[in-house]
Amino acid sequence: MGTKFGFRCTDCGYAATVSGGLDKGMVAVVRTMTCPDCMEIVDVLVGKYGEEGPTGDPTYDRDLNTCPNCHRRNVRPWMTNRPCPRCGKKMSLAHDVPKVNWD
Ligand SMILES: [Zn+2]
Ligand SMILES: [Zn+2]
């Protein structure tokens, strides 16, 4: 089971509920990435059954490394210093946002 956490930028107030890195559900493997087109932090599908990378299934692989909001492929892994996609300041864990178990 994967877990998503709330993160918030204390500078501009942008908030997102994401895994925060590589995360694995029952089927889906996701990685938290920044989308420069949406200016959002999103969990992007990167693999299946615990493995990162193409699965060989064209239907599934079509969605890999694609922003779930705009369906473009400009997503970049969210760096460990957790920059805000709006203002570039460091985002921190928002403990007042409930974490979400998925899958
Ligand atoms: Zn910000
Ligand atoms: Zn996007």
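Cut-offs and rules
- Residues numbered from 1 in each chain as written.
- Chains lettered and ligands numbered in written order.
- Predicted model: local features only at pLDDT ≥ 70, side-chain atom pairs only at ≥ 80, totals over all residues.
- Heavy atoms only, no water.
- Donors = N, O, S within 2.8 Å, 3.2 Å for Na, K, Ca; no water.
- Tetrahedral: all angles 85-135°; square planar, octahedral: opposite > 155°, others 65-115°.
- Buried < 20%, exposed > 50% of the residue type's maximum accessible area, 1.4 Å probe, protein only.
- Helix = DSSP H or I, 4+ residues; strand = E, 2+ residues; numbered from the N terminus.
- Core = buried A, V, L, I, M, F, W, Y, C linked by side-chain atoms within 4.5 Å.
- Contact = heavy atoms within 4.5 Å.

Draft legend 1. Structural context of the coordination of the zinc ion (ligand 2). The coordination sphere of the zinc ion (ligand 2), as far as protein atoms go, consists of Cys35 (SG), Cys38 (SG), Cys67 (SG) and Cys70 (SG), spread over 2.1 to 2.3 Å. Taken together, the four donor atoms coordinating the zinc ion (ligand 2) and their angles of 105 to 112 degrees define a geometry best described as tetrahedral. Overall, the relative accessible area of 26% leaves Cys70 in the partly exposed class.

Draft legend 2. How the structure looks around the coordination of the zinc ion (ligand 1). At 2.3 Å from the zinc ion (ligand 1) lie its protein donor atoms, namely Cys9 (SG), Cys12 (SG), Cys84 (SG) and Cys87 (SG). Around the zinc ion (ligand 1) sit four donor atoms; with metal-centred angles ranging over 101 to 121 degrees, the donor geometry is tetrahedral. Read from N- to C-terminus, the donor residues coordinating the zinc ion (ligand 1) fall into the pattern C-x2-C-x71-C-x2-C. Of the two residues, Cys12 is situated in the loop between β1 (2-9) and β2 (15-18) and Cys84 in the loop between β7 (76-77) and β8 (91-93); the sequence distance between them amounts to 72 residues. For Cys12, a relative accessible area of 41% corresponds to the partly exposed category.

Draft legend 3. Representation of the nonpolar core within the structure. Grouped together as the largest cluster of nonpolar side chains are nine residues: Phe7, Cys9, Tyr14, Ala16, Val18, Ile41, Trp78, Cys84 and Met91. Counting residues per element, the ones that place at least two in this core are β1 and β2. Contact partners of Cys84, with chain neighbours within four places excluded, come to Cys9, Cys12, Tyr14, Lys89 and Met91. By size, the runner-up hydrophobic cluster in this structure holds eight residues, among which are Val29, Met33, Val42 and Val75.

These figures come from the coordinates and say nothing about function on their own.
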